[in-house]
Amino acid sequence: MIYLLVLTLMLLVEMDPVIEATVQDRRRPGAVAPGNILIGGLFPIHDGVENIGNLSGPQNPTCIGFSPTGLTQSLAMIHTVEKVNSSPLLRHLGVTLGYYIHDTCSDVTAALRGTEDFIKRHSECSSTSRASQNSQHMTAVIGAYSSEMSIAVARELNLELIPQISYASTADILSDKSRFPAFSRTVPSDVHQTSAMVKLLLANQWNWVGVVSTDGDYGRSAMDSFVSQALEVGICVAFREILPDSITNKQRLHATISQTITTIHTHSKVKVVVSFAKPEHMSRLFRGLVRNQEDQHVWVASDNWSTYEEVLSHEDLYHIGWVVGFSFKFRDVTAFEEYLLSLHLNSERNNSFLKELYSSFRDSHNISEANVSAITDQLIRSTPPGVVFSIEMAVNAIAQAVAKLCSHRNCRVPGAIEPWELLPILRNSTFQIEGDSYTFDENGDINLGYDITLWETAEGQLKTQNVVAEYHQLNRSLTITNLRLNITSRCSDSCEPGQFKKTTEGQHTCCYDCIDCAENQYTNYTDMDQCYTCDSNTEWADPGSSGCKLKTLEFFPWNDGFAVMLLSLAGIGVLVVGLVSFLFLWHRDSPVVKAAGGPLCQLILFSLVGSFMSAAFFVGKPTNAQCKVRQVLYGLSFTLCVSCILVKSLKILLAFHMKLLLQQVLRRLYKSYVVVCACVAVQGVICTCWLLLKSPHKTFTLYTKYILEECNEGSYVAFAVMLGYIALLALLCFIIAFQGRKLPEKYNEAKFITFGMLIYLIAWVIFIPIYISTDGKYLPAVEMVVILISNYGILSCHFLPKCYSIIFRKTYNTRDAFMKNIYEYSKKCTYTVGDIIQPEAQKYAEPSFYSITSLPYFTDPVAGTKPAMRPKLTPQNQTNSTQSHLEPSRKRALSI
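Values in this document were obtained by computation on a predicted structure and should not be read as measured data.

Turning our eyes to something else, we now look at the pairing of strand S2 (residues 37–43). As a general feature of sheets, a regular strand has side chains that alternate between the two faces. Taken across its seven residues, S2 has seven buried, putting it largely inside the fold. The alternating pattern of S2 places Ile37, Ile39, Gly41 and Phe43 and Leu38, Gly40 and Leu42 on opposite faces, both of which are buried. Note: S2 against strand S5 (residues 97–103), seven bridges, orientation parallel. Opposite Gly40, over in S5, you have Tyr100 as the bridge partner.

Okay, structure coming up:
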């Protein structure tokens, strides 16, 4: 048993060199150059690794899919190291930079194997038991390309605090210095790239997009950052497709790509797709889209594949649509292209990557001049300028930090600089490239912004460097110079100004219906979520309006056609009143004028002038004084008019009423001017109380589209009392005049008073419901119409017939004509009057001899003398009884 144990230990000791040699072989770098300070490099020279079929033990992975682009990246580091070594920066110190470059094979595990080599060298150098005079450790590492690899590598390099500078890893998590203290990068974080993408979509009004990414730290992080920023500004993501990170499982990859193509086809309204996938994934996706003849789309390419021309052929670009790529800013890389042209065949001695490339072009162990030219052309076409410049910045940053440390120590001695000594100098110093200064920020990033390119075909080749826009990271602004794509990518059509978006519950906010704004609401931009409300005091808007309109100030203006017509009628009324007044003055001694009332007619005409003039105060821009004057002037004027008519009505009743007892009472009460003054005084008291307590005033009434400036009557109770008082007087006139409707024709004022008052009462009864139901600027016109109807009713019924008689029927305007009319009336009413007078005469036979015949209160309308007394009736002259009984009536009529 002891023998077996000893034998096993001896075998293990003998196998240890073999195992170590095998592991060392797996960690062998692809490109090496000696130097006083060693820099590690991690570059994706191949696109992937084959699946490991045998899991019996660790195996050296087989890399597949040679990548010329990855090779040019490693050559960019080599070229920059050589240029720095020959520069005065390190030459005067006698220090050179060396490098160890590993192929990551686009695989995290392969990248970790290369990183293990860097760590092992540092550990061996630090160990005194195994250190040798020529052993050197890694001072810094440049790489890796993808964020997923950089995250894994950074965790391992953190163990020894070896500075790591990535030239393309943009995942935002790498800015967290608490987790990645030794990591830096010469490119911006993905947060800035996704922000620039969102601004690009907004600038082109693309709010319905799809997202494709690779399953990994970079793809998921970038997609999450983009989606969160897009949703904040109203951009909706219709679908998210995640492709498997590895390309070795072809069956799974093919199924996922087929599903992605189906998804793109299903979302027909999505015309813009944002992609954070890897180049090899996009190449397969584009080939599938071309085969299925899908519609053209705008592909927004992240920096992960925006400069990879191998993704798409120039023939297929037309079928795919447009590729808008985000790439890192760069300087002129002509010097690097010249370096590629000057590569010699012996360069492959310490570079297995070049050896592999050349081997694919060998012809019977020789490389022809044509093949060398083809190799160079391929390398130049595969040169991503932004990545090359980022690598140059990384190497220069390390070189200038080394120069600062070596200026105070002898760096020609191996191990003179520890990696962690280089780290603070890298972070806090500024380095220069051809006169331009660059520095890392607090997160270890260099933020230069992005160039936005539009892929195009020229001379049968695909060009990816046509810059059409720029994103400035310092002020986070996007400048578009030459990007004009007539593409619409929206779930719903844009809502026009005057509409707002209404989203159905459960749908994307970008899928909506456009609804017109309600009245007094508006939207003044497209695609607004809600309508703004107009200021109801000064503005208005129709449904579906794009802005508010100022409310117009309205009133019943002078230039309104209706107002002009009414004012013309009022003016004509004043003119007619003046002419009638002049005519009555000229014929003041005629029987017609005296029968019409004499001086009272002038008072009535004067009041009508005031009433006509009050109509003018209902027109024009209202003022407080105007509001007070118009109602008071009309009320007093028309009260005066009706009061005079009332006196005339009482006079007629007094002259022809046959009840002698009532006649005596009326004679004592009848004082014409006192009655007029009393009636007007009552109206004056009403108006005074109205003005003092709650007077009419100017007010503003808000309507939907305008502001009405009008008069507020103050107290509508007082207004009603004023009009009611006039109506009461008019009704009294109507009742009294109605009693005398059968008087002689020449004295038939009662008929005209009846008609005049009836017109007034009907007009104002109709006015009440119309006034209550009417609003707006024409409300004053309603009262104007009623005032004019009332005035013209009085004028027409009371004065125009008299004017006609004075002017055209002069024969009727004589005393004889009037006496004849009385006689005819007396004869007509013989029996009726006799029935009334006979009982009265018998009752007062003895003491009333003169009561019927002697009428001292009445005078002859022509002679102005008292009529002669008649003899007492006797049976002998019974044949003339009718005439003798009617003699007092005749005399009364003559005195009117």
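Turning to the side chain of Thr139, a few remarks are in order. Looking at where Thr139 falls in the secondary structure, it is placed in strand S6 (residues 138–142). Residues within four places of Thr139 in sequence aside, it is in contact with Ile37, Leu38, Ile162, Pro163, Ile417, Pro419 and Leu422.

Let us look at the state of the cysteines. What the rule picks out here adds up to eight disulfides. In this model Cys236 forms its disulfide with Cys510; the gap between the sulfur atoms is 2.1 Å. One disulfide, between Cys236 and Cys510, carries an S-S torsion of 90° and so falls in the right-handed class. Here Cys236 is found in strand S10 (residues 236–243), whereas its partner Cys510 is found in the loop between strand S21 (499–503) and strand S22 (512–516), with 274 residues between them in sequence. By relative accessible area, Cys510 is classed as buried at 2%. What pairs with Cys495 in a disulfide is Cys514, and their sulfur atoms sit 2.0 Å apart. Judged by the torsion about the S-S bond (-95°), the Cys495/Cys514 disulfide is left-handed. Separated by 19 residues along the polypeptide, Cys495 in the loop between strand S20 (477–480) and S21 and Cys514 in strand S22 bring together distant segments of the chain. With relative accessibility at 30%, the residue Cys514 sits in the partly exposed group. Cys677 takes part in no disulfide bond, and the closest cysteine sulfur to it belongs to Cys644, at a distance of 9.1 Å.

Let's shift gears to the pattern of salt bridges. On inspection of all chains with the given rule, the structure shows 17 salt bridges. The salt bridge partner of Asp295 is Lys271, with a shortest N-O separation of 3.7 Å. Of this pair, Asp295 sits in the loop between helix H9 (279–292) and strand S12 (297–301) while Lys271 sits in the loop between helix H8 (250–266) and strand S11 (272–276), and the two are 24 residues apart along the sequence. Glu709 is the salt-bridge partner of Lys698, the closest N and O atoms lying 3.5 Å from each other. Taken as a pair, Lys698 in strand S28 (residues 697–702) and Glu709 in strand S29 (residues 706–712) lie far apart in primary sequence, eleven residues in all. Judged by relative accessible area, Lys698 falls into the partly exposed class, the value being 30%. Residue Glu709 is classed as buried on the basis of its relative accessible area of 2%. A single network of salt bridges, built from pairs that share partners, joins Lys329, Asp451 and Glu470.

What counts, and at which threshold
- Residues numbered from 1 in each chain as written.
- Predicted model: local features only at pLDDT ≥ 70, side-chain atom pairs only at ≥ 80, totals over all residues.
- Heavy atoms only, no water.
- Buried < 20%, exposed > 50% of the residue type's maximum accessible area, 1.4 Å probe, protein only.
- Helix = DSSP H or I, 4+ residues; strand = E, 2+ residues; numbered from the N terminus.
- Pairing = 2+ DSSP bridges.
- Contact = heavy atoms within 4.5 Å.
- Disulfide = S-S within 2.5 Å.
- Salt bridge = Lys/Arg side-chain N within 4 Å of Asp/Glu carboxyl O.

Just geometry here; none of it tells us what the structure is for.
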